[in-house]
Amino acid sequence: MNSLDGQYQDLLQAILDFGVEKKDRTGTGTKSIFGYTIHHNMSWGFPLLTTKKVPFKTMATELMWFLMGDTNIKYLQDNNCHIWDGDYNKSGRTDGELGPIYGKQWRDWNGLDQIQNLINELKTNPDSRRLMVSAWNVGELDQMVLPPCHYGFQVYTRELSLEEKIQWVMKNRDLELDNLIITEEAFSDRTPKRAISLLWNQRSVDVFLGLPFNIASYGLLLEMIAREVNMVPEHLIGHLGDTHLYSNHIEQAKEQISRGCY
């Protein structure tokens, strides 16, 4: 069963019950807790909340923009994605640039393509403990309209058991167990041999507006990476730092807690 909605509602309730009042850069005010973990098993389904509408296309457009290495707002606006408009307008810039934010760091950190390096390592050294991508480039933070909130992610892989491979073949090839010869040699090169998990770290979490996007975005990224390296997506984990509700989202959070999930 997909437990994501329940986890999310528990987080909302924890902030309402235990959050402390903190000032913030917007002047709105927040209720905040420090340190929280979201843990979703991808076999339960795609991590999209059902207790509120999450615009999937908007989320996917932003992720593709990151992966293209783009930092200009034009692509987003041309594709009806406006989640960066506020920070851009506050910056006073007129050239469309947001500075060396996620896309720049992911695809061109001082000339290094971190995403391509990650893919290469997953294909050649999947047990590495250095399968990481960082957006927190300390030397360039002052050039960004907003320093990265989700500042880095790490992936982890493990070998699938023979039983797990059989289950994958049965699910994806629509075969009956009786038709399989249960040996390692029976599987084609297209049969995944490993499972892959992703953990992202986030320093600042707007729980009502931003977090549903973040969860879905990293879920989609995990699916994409898994397909690229022919692995099975497994665990999606979010480590959250300053985890807060803005004061003008309190009543909406209470309403969402009261809703049943699908």
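Remember, it's a predicted structure, so these values are computed and weren't measured experimentally. (Residues numbered from 1 in each chain as written. Predicted model: local features only at pLDDT ≥ 70, side-chain atom pairs only at ≥ 80, totals over all residues. Heavy atoms only, no water.)

Draft legend 1. Structural view of the overall build of the chain. Scanning the chain for helices and strands turns up 9 helices and 6 strands. Taking 262 residues into account, the globule formula puts the C-alpha radius of gyration at 18 Å, and the chain, at 20 Å, falls close to it. Its C-alpha atoms give the chain principal-axis dimensions of roughly 65 × 45 × 35 Å. Taken over 262 residues, the chain has a buried fraction of 48%. Excluding contacts between residues fewer than 6 apart, the proportion of contacts in the chain whose partners are at least 24 apart in sequence is 72%. When the accessible surface of the chain is split by element, carbon and sulfur atoms take 51% of a total near 14000 Å². For the chain, the centre of its 26 positive side-chain charges and the centre of its 34 negative side-chain charges are spaced 2 Å apart. (Helix = DSSP H or I, 4+ residues; strand = E, 2+ residues; numbered from the N terminus. Rg over C-alpha atoms; globule rule 2.2 N^0.38 Å. Buried < 20%, exposed > 50% of the residue type's maximum accessible area, 1.4 Å probe, protein only. Contact = heavy atoms within 4.5 Å. Areas by Shrake-Rupley, 256 points an atom, 1.4 Å probe, with all protein chains shown as cover. Lys, Arg positive; Asp, Glu negative; His and termini not counted. Charge placed at Lys NZ, Arg CZ, Asp CG, Glu CD.)

Draft legend 2. The arrangement of the pairing of strand 6 (residues 232-246) in detail. The element strand 6 is extensively covered by neighbouring structure, given that 11 of its 15 residues are classed as buried. Summarising the sheet, strand 2 (residues 30-41) and strand 6 pair through 11 bridges and their orientation is antiparallel. Bridge pairing in strand 6 places isoleucine 38 opposite glycine 238. Regarding topology, helix 8 (residues 210-228) serves as the crossover connection from strand 5 (residues 194-206) to the parallel strand 6, and that connection is right-handed. (Pairing = 2+ DSSP bridges. Right-handed = clockwise from strand over helix to strand, strands pointing away.)

Draft legend 3. Up close: the packing of aromatic side chains. Overall, the coordinates contain 10 aromatic pairs when judged by the stated rule. The interplanar angle of 75° and the centroid separation of 6.2 Å between the aromatic rings of tryptophan 84 and tyrosine 102 together place this pair among those described as edge-to-face. In this pair, tryptophan 84 is assigned in the loop between helix 3 (73-78) and helix 4 (85-91) and tyrosine 102 in helix 5 (residues 102-107), connecting sequence segments 18 residues apart. On the basis of relative accessible area, tryptophan 84 is assigned to the buried category, the value being 6%. Ring geometry for tryptophan 200 versus tyrosine 218: centroids 5.1 Å apart, planes at 5°, classification stacked. Of this pair, tryptophan 200 sits in strand 5 while tyrosine 218 sits in helix 8, placing them 18 residues apart in sequence. Note on accessibility: tryptophan 200 and tyrosine 218 belong to one class, buried. Taken together through their ring pairs, the aromatic side chains of Trp65, Phe66, Trp84, Tyr102, Trp106, Phe153, Trp200 and Tyr218 make up a single cluster. (Phe/Tyr/Trp six-rings, centres within 6.5 Å; stacked < 30°, edge-to-face > 60°.)

Draft legend 4. The arrangement of the sheet that holds strand 5 in detail. In space, the 6 strands of this open sheet follow the order 1-2-6-5-4-3, with mixed pairing throughout. For this open sheet the edge positions go to strand 1 (20-22) and strand 3 (132-134), each flanked by a neighbour on one side alone. Mean inter-strand twist for the sheet, computed between neighbouring axes without regard to direction, equals 20°. Examined bridge by bridge, strand 4 (residues 150-159) and strand 5 share 9 bridges and lie antiparallel to one another. (Axes fitted to C-alpha atoms, helices over the stretch in contact; angles between N-to-C directions.)

Draft legend 5. Examining unusual backbone geometry more closely. Its identity is not glycine, yet asparagine 80 carries a phi of approximately 60°, on the positive side. If you trace the backbone, asparagine 80 turns up in the loop between helix 3 and helix 4. In this structure, asparagine 110 takes a positive phi of about 50° despite not being glycine. With respect to the helices and strands, asparagine 110 occurs in the loop between helix 5 and helix 6 (114-124). When its relative accessible area of 58% is taken as the criterion, asparagine 110 is described as exposed.

Draft legend 6. Representation of helix 1 (residues 4-18) in the model. For helix 1, with 15 residues, the first-to-last C-alpha span of 21 Å sits near the 21 Å given by 1.5 Å per residue. Taken together, the buried positions of helix 1 are occupied by Leu4, Asp5, Gln7, Tyr8, Gln9, Leu11, Leu12, Ala14, Ile15 and Leu16. Buried residues along helix 1 sit against strand 2, helix 8, strand 6 and helix 9 (250-258). (Expected span 1.5 Å × (residues − 1).)

Draft legend 7. Quick look at the environment of leucine 160. By the secondary structure assignment, leucine 160 is in the loop between strand 4 and helix 7 (162-173). Each C-alpha atom, one on leucine 160 and one on arginine 190, is 14 Å from the other, the two residues being 30 residues apart in sequence. Dropping the residues within four chain positions of it, leucine 160 is found in contact with Lys165, Pro192, Lys193, Arg194, Ala195 and Val232.

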